[in-house]
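These are the residues of each chain, in order.
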Amino acid sequence: MIKTTAMLLEQLNEYASPRSKLQRMVKRGEYFPITKGLYETDPNVPAHFLAGSIYGPSYISFAFALSYYALIPEAVYVVTSATFEKKKKKKYQTSFGTFTYRDVPSEAFPLGLRVVQEGDYFYRIAEPEKALCDQLYTISPVPNQKELLHLLTEDLRIESAAIKNLDKEKIASYSNAYHSTNVKRLDALLRRF
């Protein structure tokens, strides 16, 4: 369970020095620091459960989400998340893992998200189509659909069958929000299939 410093100090307010008590509890392994001001009660919690609490508003996307949905064959150990209007990339190295955050267009940010509950944890993750659009948004524009297909199948190593199974309507609806050549080419490519 994620706790903020303020929550913990409130719980410990009957002690003469709540901060000292909190420090002793951390040393005893009752709480585990995530980043400044955030603690976790379970040292074995999967990293992606924490991503939205570390920096936000954000949702899990890019390579981590593509791997989560098995669209790409590689295991991804850095939890990659999307933000908007932050103007710069962020990276957090924690005992739980590495977390990176980067912007997507404001118009695209709220589209195609799922809220997933696992036990007591909730996290937001992009749907497969949205995660792919986010990933393509970050890649330099390719000159044509043939190059895009090469990028998808060879560089990202997404199976052709998986590309054909993407929801064409969702990609079409996201396309204008990105103002991205790659996303527009993906929309055109899927209409050809």
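The following refers to the structure shown. (Residues numbered from 1 in each chain as written. Predicted model: local features only at pLDDT ≥ 70, side-chain atom pairs only at ≥ 80, totals over all residues. Heavy atoms only, no water.)

1. Points about the overall build of the chain
Logical step 1: Looking only at helices and strands, the chain has nine helices and nine strands in total.
Logical step 2: Projecting the C-alpha coordinates of the chain onto the three principal axes gives extents of approximately 70 × 30 × 25 Å.
Logical step 3: Within the span of the chain, comprising 193 residues, buried residues form 45% of the whole.
Logical step 4: Within the chain, residue pairs in contact and separated by at least 24 positions form 57% of the contacts whose partners lie at least 6 positions apart.
Logical step 5: Counting 26 positive and 21 negative side-chain charges, the chain places the averaged centre of each group 6 Å from the other. (Helix = DSSP H or I, 4+ residues; strand = E, 2+ residues; numbered from the N terminus. Buried < 20%, exposed > 50% of the residue type's maximum accessible area, 1.4 Å probe, protein only. Contact = heavy atoms within 4.5 Å. Lys, Arg positive; Asp, Glu negative; His and termini not counted. Charge placed at Lys NZ, Arg CZ, Asp CG, Glu CD.)

2. Some points on the sheet that holds strand E1 (residues 2-4)
Logical step 1: Strands sit in the order E1-E3-E2 across an open sheet of three strands; the sheet is antiparallel. Two strands in the sheet have a free side with no partner beyond their single neighbour: E1 and strand E2 (32-35). Averaged over all pairs of adjacent strands, the angle between strand axes in this sheet comes to 40°, irrespective of strand direction.
Logical step 2: Strand direction decides the pairing type here: E2 and strand E3 (residues 38-40), joined by three bridges, are antiparallel. Residue pairing for E3: Phe 32 is matched across the bridge by Glu 40. (Pairing = 2+ DSSP bridges. Axes fitted to C-alpha atoms, helices over the stretch in contact; angles between N-to-C directions.)

3. Examining helix H9 (residues 181-192)
Logical step 1: An ideal rise of 1.5 Å per residue puts 16 Å on 12 residues; H9 measures up with 17 Å between its terminal C-alpha atoms.
Logical step 2: Those residues of H9 that fall on the buried side of the exposure criterion are Asn 182, Val 183, Leu 186, Asp 187, Leu 189 and Leu 190. The buried residues of H9 occupy an angular sector of 165° when projected down its axis, which confines them to one face. H9 presents Arg 191 and Arg 192 as exposed residues on the side facing more than 90 degrees away from its buried surface.
Logical step 3: Buried-residue contacts for H9 involve helix H5 (128-137), helix H6 (145-155), helix H7 (160-164) and helix H8 (168-178).
Logical step 4: Between a side-chain oxygen at the N-terminus of H9 and the backbone nitrogen of Asn 182 the separation is 3.3 Å; the capping residue is Ser 180. (Expected span 1.5 Å × (residues − 1). Arc of directions from axis to C-beta. Polar contact = N/O pair within 3.5 Å; in protein donor to acceptor, adjacent residues only side chain to side chain.)

4. A closer look at H6
Logical step 1: Every buried residue of H6 is listed here: Leu 148, Leu 151 and Leu 152. Looking straight down H6, one finds that the buried residues subtend no more than 90° of arc, so they occupy a single side.
Logical step 2: Buried residues belonging to H6 abut H5, H7 and H9.
Logical step 3: Measuring from the side-chain oxygen of the N-cap residue of H6 to the backbone nitrogen of Lys 146 gives 3.2 Å; that N-cap residue is Asn 144.

5. Observations concerning the packing of aromatic side chains
Here a ring pair, both rings aromatic, is described through the centre-centre distance and the interplanar angle of the planes.
Logical step 1: Inspection of every chain in the model, using the stated rule, returns nine aromatic pairs.
Logical step 2: Judged by centre distance (6.0 Å) and plane angle (45°), the rings of Tyr 55 and Tyr 92 are tilted. Note that Tyr 55 is positioned in the loop between helix H3 (51-54) and strand E4 (59-60) and Tyr 92 in strand E6 (residues 90-94), a separation of 37 residues in sequence.
Logical step 3: Measuring from ring centre to ring centre gives 5.9 Å for Tyr 92 and Tyr 101, while their planes differ by 85°; the resulting arrangement is edge-to-face.
Logical step 4: Here the aromatic cluster, defined as three or more aromatic residues joined through ring pairs, consists of Phe 49, Tyr 121 and Tyr 123.
Logical step 5: The ring of Tyr 55 has Lys 86 sitting right over it, with the charged end atom 5.1 Å from the ring centre. (Phe/Tyr/Trp six-rings, centres within 6.5 Å; stacked < 30°, edge-to-face > 60°. Lys NZ or Arg CZ within 6 Å of the ring centre and 35° of its normal.)

6. Considerations on the nonpolar core
Logical step 1: Leu 132, Leu 152 and Leu 186 are the most contacted members of the largest nonpolar core, which totals 53 residues.
Logical step 2: Contact partners of Leu 186, with chain neighbours within four places excluded, come to Leu 132, Cys 133, Leu 136, Leu 148, Leu 152 and Ile 171. (Core = buried A, V, L, I, M, F, W, Y, C linked by side-chain atoms within 4.5 Å.)

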